[in-house]
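Survey of secondary and tertiary structure
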Amino acid sequence: MQRNGVMKVIQQTSPAAIRSTLSHTPFSSAQDFLHDSRDHRTVCKVLEACKVSSDYKTASAIHTRIFKLGYGTYPSLVATLISTYLQCDRLVLARKLLDQVFRLDFNVVIANLVIEHLMRLGEYGFAKKFFLKMPVRDVMTWNLMIGGYVRNARFEEALSLFREMLDSNEEPDKFTFASVMTGCARLGAVNHALWVHRLMTEKEIELNAILSSALIDMYSKCGRIRIAQEVFNGADRSNVSVWNAMINGLAIHGLPFDAVAVFSKMEDENILPDSITFIGILTACSHSGLVEEGQKYFNLMSSHYSIQPQIEHYGAMVDLFGRAGRLEEAYAVIEAMPMEPDVVIWRALLSACRIYQKPELGEVAIANISRLKSGDCVLLSNMYCSMKRWESAEGVREMMKKKGIRKSRGKSWIELGGVIHRFKAGDRSHPDTEGLYKVLDRLIRRTKLEGFLPETELVLMDISEEEKEGNLNHHSEKLALAYGILKTSPGTEIMISKNLRILQSRLARIEDSAGK
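Along each chain, residues carry numbers from 1 onward, in the same order as the chain's sequence is written. Only residues with pLDDT of at least 70 get local features here, since the model is predicted, and only at 80 or more are side-chain atom pairs given and counted; chain-wide, interface and lining totals rely on the full set of residues. Processing note: side-chain calculations cover all non-hydrogen atoms of the structure and skip hydrogens and water entirely.

**A short note on the environment of V242**
In plain terms, the rule: Segments assigned H or I by DSSP are reported as helices when at least four residues long, segments assigned E as strands when at least two residues long, and all are numbered from the N terminus. Type-normalised accessible area, obtained with a 1.4 Å probe on protein chains alone, sets the label of each residue: buried when under 20%, exposed when over 50%, and partly exposed for intermediate values. By the convention used here, residues are in contact when the closest approach between their heavy atoms is within 4.5 Å.
Relative to the helices and strands, V242 is located in helix α16 (residues 240-252). The class for V242 is buried, based on a relative accessible area of 0%. Here the alpha-carbon distance between V242 and L215, two residues 27 residues apart in the chain, equals 9.5 Å. Those residues in contact with V242 that lie beyond four places of it in its chain are A209, S212, S213, I216, F232, A235, D236 and R237.

**Topic: the pairing of strand β2 (residues 419-424)**
We apply this condition: Two strands pair if DSSP finds at least two bridges between them.
Bridge count between strand β1 (residues 411-416) and β2: six bridges; the pairing is antiparallel. Across the sheet, residue K411 finds its bridge partner in β2, namely K424. Counted along the chain from β1 to the antiparallel partner β2, the turn is two residues long, and its residue G417 has a positive phi close to 60 degrees.

**Some remarks on the side chain of E123**
Rule in force here: Polar contact is the term for a pair of N or O atoms within 3.5 Å; when the atoms are in protein, one must be able to donate a hydrogen and the other to accept it, and sequence-neighboring residues count only if both atoms are side-chain atoms.
On the secondary structure map, E123 appears in the loop between α8 (108-120) and α9 (124-133). Accessibility expressed as a relative area gives 17% for E123, which makes it buried. Reaching out from E123, the side chain makes a polar contact with the side chain of S83 at a distance of 2.8 Å.

**A word on unusual backbone geometry**
Phi is positive for D89, which is not a glycine, with a value near 60 degrees. Residue placement: D89 occurs in the loop between α6 (75-87) and α7 (91-103). Relative accessible area serves as the criterion here: at 66%, D89 is assigned to the exposed category. At N270, a position not held by glycine, the phi torsion is positive, near 60 degrees. Here N270 shows up in the loop between α17 (256-268) and α18 (275-288). The exposure class assigned to N270 is exposed, which follows from its relative accessible area of 69%.

**Observations concerning α7**
To keep it simple, the criterion reads: The span you would expect from a helix comes to 1.5 Å times its residue count less one.
Its 13 residues give α7 an end-to-end C-alpha distance of 19 Å, which sits within 8% of 18 Å, the value for a rise of 1.5 Å per residue. Along α7, the residues classified as buried are L93, A94, L97, L98, Q100, V101 and F102.

**Some points on the pattern of salt bridges**
As a reminder of what qualifies: The rule for a salt bridge is simple: a side-chain nitrogen of Lys or Arg has to be within 4 Å of a carboxyl oxygen of Asp or Glu.
A complete count under the given rule lists 13 salt bridges for this structure. The shortest N-O distance in the salt bridge between K203 and E171 comes to 3.1 Å. A residue pair is termed long-range when its members are at least 10 positions apart, and K203 in the loop between α13 (190-202) and α14 (209-221) and E171 in the loop between α11 (155-167) and α12 (174-187) qualify at 32 residues. According to the relative accessible area criterion, E171 is partly exposed, its value standing at 49%. Residue E493 pairs with R224 through a salt bridge whose shortest N-O separation is 3.1 Å. Highlighted residues: E493 in strand β3 (residues 493-498) and R224 in the loop between α14 and α15 (225-234), separated in sequence by 269 residues.

**Examining the environment of R186**
One can find R186 in helix α12. Judged by its relative accessible area of 36%, R186 is partly exposed. Between the alpha carbons of R186 and E156 there is a distance of 9.9 Å; along the sequence they are 30 residues apart.

**What about α12?**
A rise of 1.5 Å per residue sets the reference length of α12, with its 14 residues, at 20 Å; its end C-alpha atoms lie 20 Å apart and thus fit the reference within 8%. Summarising burial for α12: ten of the 14 residues are buried, a large majority. Residues T176, F177, A178, S179, V180, M181, G183, C184, A185 and L187 constitute the buried set of α12. Two to three positions downstream of the cap, the backbone nitrogen of F175 sits 3.1 Å from a side-chain oxygen, assigning the N-cap of α12 to D173. Looking one or two places after α12, you find G188, whose phi comes out positive at around 65 degrees.

**Overview of the layout of surface pockets**
Note the cut-off: Residues are called lining when one of their atoms sits within 4 Å of a cavity or pocket point, these points coming from a 1 Å grid over the protein atoms alone, where a cavity is a set in which a 1.4 Å probe fits but cannot get out and a pocket is an open set with protein on both sides within 12 Å along at least five of seven lines. Grid points are joined across faces, edges and corners, and a volume is the space filled by probe spheres set on the points.
Quantified by volume, the second largest pocket comes out at close to 250 Å³. Lining the second largest pocket are 15 residues; nearest its centre among them are S213, D217, K221, A245 and N248. Elements represented by at least two residues in the lining of the second largest pocket include exactly α12, α14, α16 and α18. Per-element accounting of the lining of the second largest pocket gives the leading share, five residues, to α14.

**Thoughts on empty space enclosed by the protein**
Here the idea is plain: a probe the size of a water molecule rolls over the atoms and shows the empty space left. Here is the rule we go by: Classification used: nonpolar for Ala, Val, Leu, Ile, Met, Phe, Trp, Tyr, Cys and Pro, charged for Asp, Glu, Lys and Arg, polar for all others including Gly.
Tallied over the full model, the rule gives three cavities of 30 Å³ or more. Volume-wise, the largest cavity comes out at about 120 Å³. Along the wall of the largest cavity there are 14 residues; nearest its centre are V101, D105, F106, N107 and I110. Where the lining of the largest cavity is concerned, the elements lending two or more residues are α7 and α8. It is α8 that provides the largest number of residues to the lining of the largest cavity, a total of three residues. Broken down by class, the residue content of the lining of the largest cavity amounts to ten nonpolar, three polar and one charged.

**Section: the nonpolar core**
To be explicit about the condition: In this text, buried Ala, Val, Leu, Ile, Met, Phe, Trp, Tyr and Cys residues form a nonpolar core when linked through side-chain atoms within 4.5 Å.
F130, F177, M181, M218 and L349 are the most contacted members of the largest nonpolar core, which has 131 residues in total. With eight residues, the single largest contributor to this core is α16. If sequence neighbours within four positions are ignored, F130 has contacts with L98, V101, F102, A111, V114, I115 and L118. In terms of nonpolar packing, the next biggest core, distinct from the first, is built from 16 residues, L443, A480, Y483 and I496 among them.

**Quick notes on the confidence of the model for the protein**
When pLDDT drops low, the exact placement of atoms in the prediction is not to be read closely. Which entries qualify depends on this criterion: As a per-residue measure, pLDDT tells how confident the predictor is, with possible values from 0 to 100.
With 81% of its residues at a pLDDT of 70 or more, the protein shows a mean pLDDT of 81. Looking at the elements of the protein, mean pLDDT is at its lowest for helix α1 (residues 2-10), recorded as 37, and at its highest for helix α10 (residues 139-151), recorded as 97. Counting contacts from residues 17-37, a segment whose pLDDT is below 50, to residues more than four positions away or on other chains yields 41 contacts. Under a pLDDT of 50 for its full length, residues 500-516 has, in the predicted model, 54 contacts with residues more than four places off or in other chains.

Here is the structure:
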């Protein structure tokens, strides 16, 4: 009867349900079940339950059974078992499994599939170990590693591995470049972007819709919107994705009328927009306060193009109204949605409540975010601080302590000479800390002489004015800017990336204040 119970639950998709059944089943019974089973997907589900419950003993027994049943070459099983061991902090067992896999007849196709599964599980570190042990690699191996790094937000590792690929005998293909360009875009690394584009041209990689879209997106997010437009103008524009990339690029640069002009041109060339097109247009309107225009395009989706708004479109409308200070209308959109609002929508409302000091509605948003992150709590706390409600703000901070929620420090980075330099607020870990702080102090003194006064009311804490000013002076963006001034010549354009935003400054007007 117990075996039937295990079978019934394992057929379900919930690892929690599997775990619950196994916890009430004698181990020998579960083992007997696995012994009888000839379905590797069943075994994979049991492993997923072991991973969730950190049950390495059962996983270890299944490990033995996997190879006895001849499942040792099933990539999904190998990857899930490795991930389970790592979750249980059993690195020795994971390495043992790795050695066991490589003692079998090596097959690069199967090895590639293991890498793919490991990357999907977020185990990029162990995927690299697996990659390094492979006696043979092909272009797919490199692509899976580079693409996996990008999907797991390990962009610098992706670029580093791409350089290793170039040093090997393996030639990158269009899929390689698509992943690398995405990594450059997410880093805002313009020098890397220019190098990758040049390399792609040298290797005569033919542009298709995917690569053209990736190029436009890369240059847009690296702050080079004019180059993005040049790529767009010279590209084959028969695929809607190319238009979407251009519209979205113009949107994030705060160029709504340019985005609308591209949309109009799209209609002229008989390219039908899709749902992603309208996300770009709504974003453009949202970032520029064009509420009526945004409403027009939202209605146009269904009335003219028969595209039913999805949750992303409703989210864009909430953001549109929220940024414009029309919070009641933003909340009305949420209430009228035909689907459940997701956490992104509630966070958009919460952010607007902080800006426009609407704590009651902000509390509604917080109540609907099931798994609070540090940013959510900080928004609510800052909203209370801006209204001098120090006790309420302290209550939020205490709640964060009790729940173990830690505030993430802001980060900024700057690319110089092909190297990315990262900074945090108040950071003193950089090798050139002494020099960049001297530059920053000179800049601050010069700006004060010119009549600039720091807006200390933006520091939302109950501390002295002097402490507030110190917090403002040592923001991560200012540290990155000071480092750029320290390391470049006057007149050079400095580009700083922070949370997908690009900050640009020309040094020509501030070179004297830097003492250069």
